[in-house]
Amino acid sequence: MHPKLTRPRLIALGSSALGLVVVIIAVIVGWVIVPGVIDDKVKDETQLVETSDTWEKWKDIPVPIYLKVYFFNITNSQDFGTNIFSDWSKTPQFKEVGPYVFKETRAKNDIREGPLDTLYYKPSITYVFDEEMSGEGLSEDDEVTTLNLPFVAAITLLQINEPLHLLGDVVLRSLLSSNETIFTTSRVNEVLFKGVELKPIYKTVEFTARLLNIPLPDEIFNGTFAYYRGKNGTNGEGEWRVYRGQEDSTMFSIIKSVNDGKTRLEPWWKDHCAMINGTDGTMFPPFIKKDARLYIYVPEICRSIFIEYDSETEYNGIPGYRFKLPPEMFTDPYVYEPNMCFCMDVKGGFNGSCNFNGMGRLFSCKANVPVTIGKPHFLDADEWVVDRAREFGMSPRREDHDTYLDLEPHTGFPLRAHKRLQIGAEIQPLSESVSLLTPFRTIPHIIYPAFWADEQAELDEDLVDEIKEKLITPLKIVNISKWSVLGVGAFICLAGAIFFAYSWFH
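Residues numbered from 1 in each chain as written. Predicted model: local features only at pLDDT ≥ 70, side-chain atom pairs only at ≥ 80, totals over all residues. Heavy atoms only, no water.

Draft legend 1. Representation of the side chain of aspartate 280 within the structure. For aspartate 280, the position within the fold is in the loop between strand 10 (255-257) and strand 11 (293-298). Here the side chain of aspartate 280 touches threonine 282 through a polar contact of 2.7 Å, side chain to side chain. Those residues in contact with aspartate 280 that lie beyond four places of it in its chain are Lys108, Tyr121, Trp240, Ile255, Ile296 and Tyr297. (Helix = DSSP H or I, 4+ residues; strand = E, 2+ residues; numbered from the N terminus. Polar contact = N/O pair within 3.5 Å; in protein donor to acceptor, adjacent residues only side chain to side chain. Contact = heavy atoms within 4.5 Å.)

Have a look at this one:
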């Protein structure tokens, strides 16, 4: 034995070595092996196969989802007369009415296996009015006076289609004589789902347009109009195809095609804007990173949107990442170049400039009817738009009007979501080639809001408990255990080193 290595010193060295071994084992097991086992378990459960934990949740979404609709009810519609000399340049006054709340039931039907790790299915959503969650005293039979989109559609079709120019003042006089203006009164359930019965003059315009093979928006059909026409309790989106995530977990629930094989949103958009990106928003691939940009395909607005990381959050004891709809989503394409391919040609001599922030045009997918999309109350829009909105009686507030989604990062499962979007129309005066009637010449170039919707979802208590039991609790146990073992090993190693040093000098 080395003369300096006495028995106490050997014990001290052995203790230090043992502590070092414990530390190494703790690092390997706690930071490599166990997390790997958990990740493999997550991958196994986030696959669209009938044996996975996710299958039933994907097939019939268990998360309670509600559609909350707020209408912009105009209070001075009497200022917009219906004679040929009326002045329609006046500022409308809007009063927000709502929420009218509808419980959503989402299902995936006719599921069948596809090639290359995919599944086919037909999505459907059923909306049922929820009186208790709606605003006090509100009913789906309430009447609201809002933007008259069929009217806007009719005058736009007259402007942009030369074959209809000859009908111009005849149709417009008929509209005025029918007491039609840019605002109309309808029942809530009819204007959203059942369909508002349109006056005969609209049916004439629709018949003529179809006779001349002029496209019409899906919301108008057979003399009726509804914003969600054909979307309540039926499959209005055809067959979709999504990746199962069995071969590649990063592709879990990513959409491959919609509407019976459509892989691009042409001719509505061009270049990368025509891509169908992301999931349907109810589930995402596992292992979400903070630097990720997540995409959601939204058929109601004919495009995919994206959300980006905002902050860490927590929902009922479950840690999560909050992702938000960034301002770039609706930024001026001359400022944010990737939006340029959403700036499609505007027909009929209308102002086609896209150099504004906070709104997107949906003309291309709405048969050239000037429908707009943006954040509620024109949040993040240009200052001149917000100033005009305040004249309307509107008030944008980020906490009430922004879109966000809280995700559990390991599984990609949504914890809480608010998808908030506003529908409106961009109004412009008609040219002399279509009408010389005063009202249609005095319409200002302006964006009128119709309504905004908050699609809200939050995990219920049962799902919270399930996630805690299967993921959060095991992760906490692993985290506590690995740091505890690491601490014990470090203590043994340090104690041995101190004892060795002490015995060496004494």
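Draft legend 2. Up close: the packing of aromatic side chains. This structure, assessed with the given rule, holds 26 aromatic pairs. Aromatic side chains phenylalanine 80 and phenylalanine 183 sit 5.2 Å apart centroid to centroid with 70° between the ring planes, which places their arrangement in the edge-to-face category. Of this pair, phenylalanine 80 sits in the loop between strand 1 (65-74) and strand 2 (94-114) while phenylalanine 183 is found in strand 5 (residues 183-187), placing the two residues 103 residues apart along the sequence. Across the pair, phenylalanine 183 and phenylalanine 80 agree in class, each one buried. Over the ring of tryptophan 268 we find lysine 262; its NZ or CZ atom is 4.2 Å from the centre of that ring. Note that arginine 303 overlies the ring of phenylalanine 342, its terminal NZ or CZ placed 3.7 Å from the centroid. (Phe/Tyr/Trp six-rings, centres within 6.5 Å; stacked < 30°, edge-to-face > 60°. Buried < 20%, exposed > 50% of the residue type's maximum accessible area, 1.4 Å probe, protein only. Lys NZ or Arg CZ within 6 Å of the ring centre and 35° of its normal.)

Draft legend 3. Layout of the pattern of salt bridges. What the rule picks out here adds up to 25 salt bridges. Between glutamate 308 and arginine 293 there is a salt bridge, with the nearest N and O atoms lying 2.6 Å from each other. With glutamate 308 in strand 12 (residues 303-315) and arginine 293 in strand 11, this residue pair connects regions lying 15 residues apart in the sequence. Here the residues in one salt-bridge network are Glu104, Arg106, Lys419 and Glu455, joined through shared partners. (Salt bridge = Lys/Arg side-chain N within 4 Å of Asp/Glu carboxyl O.)

Draft legend 4. Quick look at the environment of aspartate 87. Looking at the secondary structure, you find aspartate 87 in the loop between strand 1 and strand 2. Within the structure, the side chain of aspartate 87 is placed 2.7 Å from the side chain of serine 89, a separation counted as a polar contact.

Draft legend 5. Molecular detail of the nonpolar core. Core analysis: the largest hydrophobic core is formed by 134 residues, its most contacted members being Phe440 and Tyr448. Among the elements that take part in this core, helix 3 (residues 149-160) stands out by supplying nine residues, more than any other. Setting aside its immediate chain neighbours within four residues, phenylalanine 440 contacts Trp88, Phe151, Ile155, Leu172, Leu176, Pro429, Leu430 and Ser435. (Core = buried A, V, L, I, M, F, W, Y, C linked by side-chain atoms within 4.5 Å.)

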